[in-house]
Amino acid sequence: MEAFSEVLDRLYKKVLLGAQLENESRDYVSYLSPLVSSDGCLASPSPRSPGGQDPPQPASPDTPLNSRGPSPKAGAQERMLLQLTVIQVMVTRVLSAETAPSCKEKYQEILNILLKSSEVDLQLTRLFPNRDKLLSHLAAKCLGLLLYFQLREKVPLRDSWVAFCRTSLGEPLASGRVACCLWVLSAVVKEILKDPGAQKTESLQRFLAPLDAVLGDFCDPFFAQCLANLRAPSEGIAALLALLDLLELLAASRPHVRPPQPCQRLLFQKAARVLDVIAWPVPAFVGRKCILVLKKCLLGKVGEDLGSSPLPAPLPPDPHLEMDMAALADVVLQAVDSGLLRTLSVPGQAPHFGGEEVQPGADRVPGTDQVMLRSVSLLLIKSLEVRFQHHAAAIQGKDDLQRFMAQLLSFLKPRLQPALQCNHPCTWLSQVFIEQDDDMLEAAKASLGIYLQLTRAGDTPGKDRQRGKAAWACDLHSSGCDPHCIFLSVLGSVSFDPTTLLDFLISSETCFLEYFVWYLKLLQTDWAHFIAVCTYWDGITPEVAISDDRPDPSVTQERHHPVDPGPGAAGSVQGDMGGAWLAQAPRSILSPRRGAPSLVAYDSSDDSEEELPGQRLSHAEPRAGPETQGMGQTGQAGEGGGQAPHSRPVAPKDPAGCFSAACEAATTTGSASARGLCCRTVHCLGHLHRAVARLQRRGLFPYNPAALLKLLRHIEVACSRRGTL
């Protein structure tokens, strides 16, 4: 036994270094063949080779390792662990492009002999499960790599493997074989997706074709059995998580097969079952995983963390994808209609490193699961967008939008800190996604897509077109889906910083380019609505104008220590909405998160003199409107006219009515002027326009931005023509 362990240890060291093996391949196979009885017990190997000769003694590699091999008295379990490790490393070496061709050929020969002569796959399945979790896990990982090696080498898979899957997936959860089988399937699909070669399609078809019927018949009984056996969480939860991983990987492999295999559509077809899990008495992380998997599926981001290579060649469109996406969106919306958001448990305890449990004696930190809030919000808003892409009835769509968004806002309101204010519901998006740029932009794009779909489905209802537009704008605002409010919230979340927008445009990690182009096209045709929104926002935030001077860094201190400007400074004129929302507004709406100064000092209702990098804010003259009549003309310090009081007005009883009046006035007269946020927005877009143009001239922009520059130029021209600057 001592000689057997020493030879196996030396073999491991040589394969780990990718060194050449001198002996015959069959001699090494005798040391790698696992010996497992039918009941899963490990057998002791013979110290002599099958031919009766002494075992070969491979020379030690030229570069000695300091690590010591197993003890001469190592038991069968340690010997099996080392055998599995050598097989795993050998397969990895064969798949690596860094392995020398001569060494790779030798390793391939050994593995082919091992697969044909010793039925190694059958031997490994006998280790599922094993009381030694490490041995069971390593056996599953090794079997997954061997199956993938057979696919790469175009070696036919054994019928015994399909029979094992059919038998294991039909066993009770308590046996533990279900989770192991699902884990092996996931490991093989993951290796195929990570393969940089061009044979993904062939490998997936060969591997999944015999499993379609097995997996299709497995899911429904599994969920029923899992719900009935929740009293045994260790087996049920492990199998449930393994199934969710497999369903996600199968959906991620779908773009590589045309038409997709039936099992690759399972996540879409079993979405209702996945949503049912959320209501089960399972740990919070299980419900979170269900929501995350469905969210990534709707966004087309399943398997994005695998780093898989792009499609090797253009494939025809998926004939079932659009239908499956619509079905998935309908399932989500039906669940919301059935009370999903009312029963959804969002843990009130903030997550901790290493898990969700707090160490004994430690203080429990109250909080909300922000990952869950973001995922649920994005899942719902994306489902609405998908539905409206397929059901374009304008009136019914608007009713559905209001109903579902009312449920979402009711779900979010008690869970947001600071609380969501009813007089500005569109700020929910920036509050929920303030720490996650990619999800924030996905939600903004979905919201804009909903607006475009509903406005294109039919003309604005109502005999009076302008009043109808104003009413529709008011409905959008009360539902938290006004595209201009959301765009201003997105800009506010990055402090109106054009360099951040430039980063978004260059980066491929977000959908900002698509969203930005959509919005700029909308802005060209919906300028009056944008002015109305800016008018409304300027009624609740001090008006500012922007120049191109460099900022004074000392001004940034005022955000945390506001100073009363005194009677000689410029006052602020605000309407009925004015300081009330300002006093209650969450700091995340128009305040920075990247170290830049904020738009307004939220600790004061007076006009702020804070500045942005490269820009200086100065007080602009207020709008002329009904709210300023009888109050005198205000302006810069030293100018004539009365000064507005520094006290905050009382919040209006009907904020939506004020917004509706602003929209109606803007759409009717077309002469509304918003010199605060409109000026700030256009200046930000102007700086972005010049930065992109400068990079384009130098050949430093990663793609052709000609269309984007044209849109930005149109916005500047439209703004200057209307005299809003």
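Residues numbered from 1 in each chain as written. Predicted model: local features only at pLDDT ≥ 70, side-chain atom pairs only at ≥ 80, totals over all residues. Heavy atoms only, no water.

Trainee: Would you take a moment to explain the packing of helix H15 (residues 321–337) against helix H17 (residues 370–390) for this structure?
Mentor: A packed helix pair is summarised by two numbers, namely the angle formed by the two axes and the spacing between the axes. Where H15 contacts H17, the axes come no closer than 8 Å and their chain directions differ by 125°. Here H15 is positioned oblique relative to H17, judged by the angle of their axes. H17 is crossed by H15, and the crossing has left-handed handedness. In this structure, H15 contributes Glu322, Met325, Ala326, Ala329, Asp330, Val332, Leu333 and Val336 to the contact, and H17 contributes Leu379, Leu380, Ser383, Leu384, Val386, Arg387 and His390. The residue makeup of the contact of H15 with H17, split by class, is 10 nonpolar, two polar and three charged. (Axes fitted to C-alpha atoms, helices over the stretch in contact; angles between N-to-C directions. Helix = DSSP H or I, 4+ residues; strand = E, 2+ residues; numbered from the N terminus. Parallel < 35°, antiparallel > 145°, perpendicular 65-115°, else oblique. Left-handed = near helix turned anticlockwise from the far one by under 90°. Contact = heavy atoms within 4.5 Å. Nonpolar A, V, L, I, M, F, W, Y, C, P; charged D, E, K, R; others polar.)

Trainee: Before we go on, may I ask you to explain the packing of aromatic side chains in this structure?
Mentor: The description of an aromatic ring pair rests on the distance of the ring centres and on the angle between the ring planes. This model, assessed by the stated rule, comprises 12 aromatic pairs. Summarising the aromatic geometry, the rings of Phe218 and Phe222 are spaced 5.1 Å apart at their centres and angled 35° between planes, so their arrangement reads as tilted. With Phe218 and Phe222 both in helix H10 (residues 212–228) and four residues apart, the pair spans about one turn of that helix. Neither residue differs from the other here; Phe218 and Phe222 are each classed as buried. A ring pair is formed by Phe487 and Tyr519, whose centres lie 4.0 Å apart and whose planes are at 20°; its orientation type is stacked. Of this pair, Phe487 sits in helix H22 (residues 483–493) while Tyr519 sits in helix H24 (residues 512–525), and the two are 32 residues apart along the sequence. Grouping residues by exposure puts Phe487 and Tyr519 together as buried. A connected cluster of aromatic rings, assembled from ring pairs, spans Phe487, Phe504, Phe512, Tyr515, Phe516 and Tyr519. The ring of Phe496 has Arg680 lying over it, and the distance from NZ or CZ to the ring centre is 4.9 Å. (Phe/Tyr/Trp six-rings, centres within 6.5 Å; stacked < 30°, edge-to-face > 60°. Buried < 20%, exposed > 50% of the residue type's maximum accessible area, 1.4 Å probe, protein only. Lys NZ or Arg CZ within 6 Å of the ring centre and 35° of its normal.)

Trainee: What exactly am I supposed to notice about empty space enclosed by the protein here?
Mentor: Rolled over the atoms, a probe sized like a water molecule indicates the empty space that remains. One pass over the full model with this rule turns up six cavities of 30 Å³ or more. In this structure, the second largest cavity occupies an estimated 50 Å³ of space. Lining the second largest cavity are Ile291, Val332, Val336, Leu340, Leu341, Leu344, Val376, Leu379 and Leu380. For the lining of the second largest cavity, the residue count by class is nine nonpolar, no polar and no charged. (1 Å grid on protein atoms, 1.4 Å probe; cavity = no way out; pocket = protein on both sides within 12 Å on 5 of 7 lines; lining within 4 Å. Points joined across faces, edges and corners; volume = space filled by probe spheres on them.)

Trainee: What exactly am I supposed to notice about the nonpolar core here?
Mentor: Nonpolar side chains tend to gather and get buried jointly when the protein is soluble and globular. Trp161, Phe207, Phe222, Leu401 and Phe516 are the most contacted members of the largest nonpolar core, which has 198 residues in total. Discounting chain neighbours no more than four positions away, the residues touching Leu401 are Leu384, Phe388, Ile450, Leu454, Trp472, Leu476 and Cys481. (Core = buried A, V, L, I, M, F, W, Y, C linked by side-chain atoms within 4.5 Å.)

Trainee: How should I be thinking about H24 in this particular structure?
Mentor: The periodicity of an α-helix, 3.6 residues per turn, causes residues three or four positions apart to be oriented the same way. Taking 1.5 Å per residue, 14 residues should reach 20 Å; H24 reaches 20 Å between its end C-alpha atoms and fits that length. Within H24 the residues assigned to the buried category are Phe512, Tyr515, Phe516, Val517, Tyr519, Leu520, Leu522 and Leu523. (Expected span 1.5 Å × (residues − 1).)

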